[in-house]
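# Structural description and commentary
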Amino acid sequence: TTATIPETATATVPETATKNLAASKSKKKEQIILISRVQRNKKKSVTVVTGLDGFGVKHRDAAKLFANRFSCGASVVKAATQEEIDIQGDFCDEVAELISTRWPEVPTTSIYFIEEVGKNKQRVPAFPNN
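So, here is what we can say about the structure in this document. Being a predicted model, the structure only gives us computed values, none of them experimental.

### A closer look at the pairing of strand S1 (residues 33-39)
Pairing geometry for S1 and strand S5 (residues 111-117), over four bridges, is parallel. Following the sheet pairing, Leu34 is matched in S5 by Tyr112. Pairing of S1 with strand S2 (residues 45-50), which is carried by six bridges, proceeds in the antiparallel orientation. Across the sheet, residue Leu34 finds its bridge partner in S2, namely Thr50. Joining the antiparallel neighbours S1 and S2 is a turn of five residues.

Structure below.
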């Protein structure tokens, strides 16, 4: 005897799986550049730049450019989630200007400063007029 498969029993993908797949394709991660200043000692500070790799900028080349332009030390550091560039000194505004002029493919609306307000950190646009 042969077993017959009823016509109603067809292999289907669960509806929730297709919705999740479509949602993940439509949601692209927002590509932004974050520039923050970290206090190292009482008088020393470090400028940290993250997110350049999202725009195709090589960290090593950017660190070398920052070191030469600002006459300071700059290095690529592997953080917990991604690589970042540490620049010795407070160069937040200068870094934002340099990124916008050196790499025109980076929109100025994607560059943000991280500022501490009390104990909270908030994201502030580097170029608020754009």
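### Some points on the packing of helix H2 (residues 59-70) against helix H3 (residues 92-102)
With their axes 12 Å apart at the nearest point, H2 and H3 run at an angle of 120° to one another. The angle between H2 and H3 places the two elements in the oblique class. The chirality of how H2 crosses H3 is right-handed. The segment H2 lies against H3, with Leu65, Phe66, Arg69 and Phe70 engaging Glu94, Val95, Leu98, Ile99 and Arg102.

What counts, and at which threshold
- Residues numbered from 1 in each chain as written.
- Predicted model: local features only at pLDDT ≥ 70, side-chain atom pairs only at ≥ 80, totals over all residues.
- Heavy atoms only, no water.
- Pairing = 2+ DSSP bridges.
- Helix = DSSP H or I, 4+ residues; strand = E, 2+ residues; numbered from the N terminus.
- Axes fitted to C-alpha atoms, helices over the stretch in contact; angles between N-to-C directions.
- Parallel < 35°, antiparallel > 145°, perpendicular 65-115°, else oblique.
- Left-handed = near helix turned anticlockwise from the far one by under 90°.
- Contact = heavy atoms within 4.5 Å.

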